[in-house]
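So you can see what is in the structure, the chains are spelled out below.
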Amino acid sequence: MPIDNNAAERAIRPLVIGRKNWLFSDTPRGATANAQLYSLVETAKANSQEPYAWLRHALERLPLATSIEDYEALLPWNCSPASSS
């Protein structure tokens, strides 16, 4: 385990820098949606995925998922970077 939290601080830096620009998050639902989207993006990055490519891959296949295995296959740590393009 690293002794510092630099990786976590680097991950949230774009959120801290841009928070004044997020005026659309003026409701609890907007803030929740914003947090969920950033959580997905940062999880994709943490798993060596290009966020846009992975989100597109997952959202295109999500309606076709019928089992737990289908859903788990869409998680960023279960997708190879080549398969999410």
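Just above sits the structure.
Here is what the cut-offs are and how they apply
Residues numbered from 1 in each chain as written. Predicted model: local features only at pLDDT ≥ 70, side-chain atom pairs only at ≥ 80, totals over all residues. Heavy atoms only, no water. 1 Å grid on protein atoms, 1.4 Å probe; cavity = no way out; pocket = protein on both sides within 12 Å on 5 of 7 lines; lining within 4 Å. Points joined across faces, edges and corners; volume = space filled by probe spheres on them. Helix = DSSP H or I, 4+ residues; strand = E, 2+ residues; numbered from the N terminus. Nonpolar A, V, L, I, M, F, W, Y, C, P; charged D, E, K, R; others polar. Salt bridge = Lys/Arg side-chain N within 4 Å of Asp/Glu carboxyl O.

Another point: the layout of surface pockets. Here the largest pocket defines a volume of roughly 180 Å³. Looking at the largest pocket, the residues that line it are Leu40, Trp54, Leu55, Ala58, Leu59, Leu62, Tyr71, Glu72, Leu74 and Leu75. Of all the secondary structure elements, the ones that give two or more residues to the lining of the largest pocket are α3 (51-61) and α4 (68-73). Residues of the lining of the largest pocket, tallied by class, amount to nine nonpolar, no polar and one charged.

Glancing now at unusual backbone geometry. The backbone phi angle of Ser48 is positive, close to 60 degrees, even though this residue is not glycine. You can see Ser48 is positioned in the loop between α2 (28-46) and α3.

Right, let's talk about the pattern of salt bridges for a bit. One pass over the full model with this rule turns up three salt bridges. Between Glu60 and Arg56 there is a salt bridge, with the nearest N and O atoms lying 2.9 Å from each other. Here Glu60 pairs with Arg56, and both are found in helix α3, just four residues apart, close to one helical turn. Across the pair Arg61 and Glu60 runs a salt bridge whose closest N-O atoms are separated by 3.7 Å.

From the geometry alone we can't say anything about function, so treat these as descriptive.
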